[in-house]
Amino acid sequence: MNQTHVVDVKAWIDARPVSRFQWKLLLLCFVIIMLDGYDAAVMGFIAPALIEDWGISRSALGPILGAAMFGVAIGALVAGPLSDRYGRKQVLLWSVALFAIFSLAAALAQSPAQLALIRFLTGLGLGAVMPNCVTLVAEYMPERRKGLMITLMYSGFNVGSGLGGFIAAALLSHYSWHSALIFGGVLPLVLLPFMFAMLPESAMSMVARRVPHDQIARVLNRLGGTFTADTQFKLNTPEISRRSKVAQLFRNGYGRGTVALWLTYFMGLFVIYLLNGWLPTILRSGGLSLQQAAIITGLFQLGGPLGGIIVGYLMDRTAAKKVIAVTYFLGCLCLLSQGLMDFGSLALAVLIFISGMCINGAQNGLQAYSPAFYQTEIRATGVSWMHGIGRTGAILSSTLGGVIMLAVPGHSSIFLVLALPACLAGIAILLHRMNRIKPRETEAELNALSQTVHNR
């Protein structure tokens, strides 16, 4: 009889170099996140043309933009438990199909009310994509490279939203605003068959869901393994209840860490979305031209990918949460400087760029940090609920941005207000503690299991 081995999937992946298969997975998820970023930002690019075509006011556009954000929040909350139950790949592909189909449907909308409803449905798909991509990449990358890899993948969102401006500008110069929405729907649908063929299911999720061992072996063999259907696979984590994935986020020592992640992500998104939405207005009221305000606002976004890569690199080499906290605190100092001092346009542009590096970079770092906190059975739920709850920070900041600007004296005072949530984000992540979990089985038990199978 052939001896049957018991393999800890995570330990096996951690011990191996990054393979070509893993790089392909990273690239594929990067592309998916790019598509997500384009579709999330496309309404902002077509808003002037939409207002002109339909003859509506700017205030009438608010519910359309807000509807998508509510959809994103709900999509994230729902997708996590579904992913932990049915698998990452299946939920991710359905999410891509969902936002692609409703992006096409949005091009057929005949009124603001119809468009708001369709954008809400589009948001459901958009909200499910990000946490599932983060979770899938996290479960295939070795621990020593995870921070850099996930932040690289997550930077696809900034790339997609940034390129979307150029794509939309090119389309709008020849066609109507409908063309930008059609592009955002057709491209994901064209790529969907390739995603279905090339995207693997998470091996860790398959083990947690007790998928037959031969299917797990086939997936891991694509990473360079030589496993057979007789190989036994396990996760060195405790058994967990299958009843309520969300409830498990507050049991077995996960409660404090879950709340800390939610607070950190909420505060970070509050700062990012308020600046994304209101920074041009703030700069314009400070005396800058429209062109200068647009360019400096773009620098805030462009700082994100660079900051994320630096944060991810440092997270792999030192205490991850301290790297994230320090980066938030540096962003806080930049915001305080902008609020307390009167800088020229060049110095202000540099500070805005560094602020984007720090705040966006720290937020990107959370994408790598949060999956490591949860065990496989509830990982997608934990990450997606962090996204969903944190998204309320984006909704609040977009809604309250105008109120805050009216309430604080002086155009630069808004930076002082935003320094507070940036500081609180750093404090919240410092209070986070990684959960110490007991192995599902001791080494002696695993050896006994292996010997039992061998004797059979």
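Remember, it's a predicted structure, so these values are computed and weren't measured experimentally.

Asks: How should I be thinking about the packing of aromatic side chains in this particular structure?
Replies: What describes a pair of aromatic rings is the distance from one ring centre to the other and the angle between the planes of the rings. Applying the stated rule across the entire model yields 10 aromatic pairs. Both rings, one in Trp12 and one in Phe227, keep their centres 5.2 Å apart while their planes meet at 65°; by these two values the pair is edge-to-face. In this pair, Trp12 is assigned in helix α1 (residues 9–15) and Phe227 in the loop between α9 (213–221) and β2 (232–234), connecting sequence segments 215 residues apart. Taking the relative accessible area as the measure of exposure, Trp12 reaches 16% and is therefore buried. Ring centres of Phe227 and Phe233 lie 5.4 Å apart, and the angle between their planes is 85°; this geometry places the pair in the edge-to-face category. Among the aromatic residues, ring-to-ring pairing joins Trp12, Phe227 and Phe233 into one connected group. The positively charged end of Lys89 is found above the aromatic ring belonging to Phe196, 5.0 Å away from the centroid. Against the face of Tyr313 rests Arg317, its NZ or CZ located 3.8 Å from the ring centre.

Asks: Would you take a moment to explain the nonpolar core for this structure?
Replies: Generally speaking, soluble globular proteins have nonpolar side chains that are buried together. The biggest cluster of nonpolar side chains holds 105 residues, and the ones touching the most others in it are Val9, Tyr140, Met153 and Phe233. Top element by residues in this core is helix α11 (residues 255–285). It accounts for 14 residues. With sequence-adjacent residues up to four places away left out, Val9 is seen in contact with Ala203, Met204, Val207, Leu220, Phe233, Lys234 and Leu235. In terms of nonpolar packing, the next biggest core, distinct from the first, is built from 19 residues, Leu61, Ala107, Ala116 and Ala180 among them.

Asks: How should the packing of helix α2 (residues 20–54) against helix α4 (residues 88–106) be read in this particular structure?
Replies: When two helices pack together, their arrangement is given by the angle between the helix axes and by the axis-to-axis distance. For the pair α2 and α4, interaxial distance at closest approach is 11 Å and the crossing angle is 30°. By the criterion of interaxial angle, the relationship of α2 to α4 is roughly parallel. In this structure, α2 meets α4 at a crossing whose hand is left-handed. Only Leu92, Val96, Phe99 and Ser103 of α4 make contact with α2, whose side of the interface consists of Ile32, Leu35, Asp36 and Asp39.

Reading the values: rules and limits
Residues numbered from 1 in each chain as written. Predicted model: local features only at pLDDT ≥ 70, side-chain atom pairs only at ≥ 80, totals over all residues. Heavy atoms only, no water. Phe/Tyr/Trp six-rings, centres within 6.5 Å; stacked < 30°, edge-to-face > 60°. Helix = DSSP H or I, 4+ residues; strand = E, 2+ residues; numbered from the N terminus. Buried < 20%, exposed > 50% of the residue type's maximum accessible area, 1.4 Å probe, protein only. Lys NZ or Arg CZ within 6 Å of the ring centre and 35° of its normal. Core = buried A, V, L, I, M, F, W, Y, C linked by side-chain atoms within 4.5 Å. Contact = heavy atoms within 4.5 Å. Axes fitted to C-alpha atoms, helices over the stretch in contact; angles between N-to-C directions. Parallel < 35°, antiparallel > 145°, perpendicular 65-115°, else oblique. Left-handed = near helix turned anticlockwise from the far one by under 90°.

Keep in mind these values describe shape, not function.
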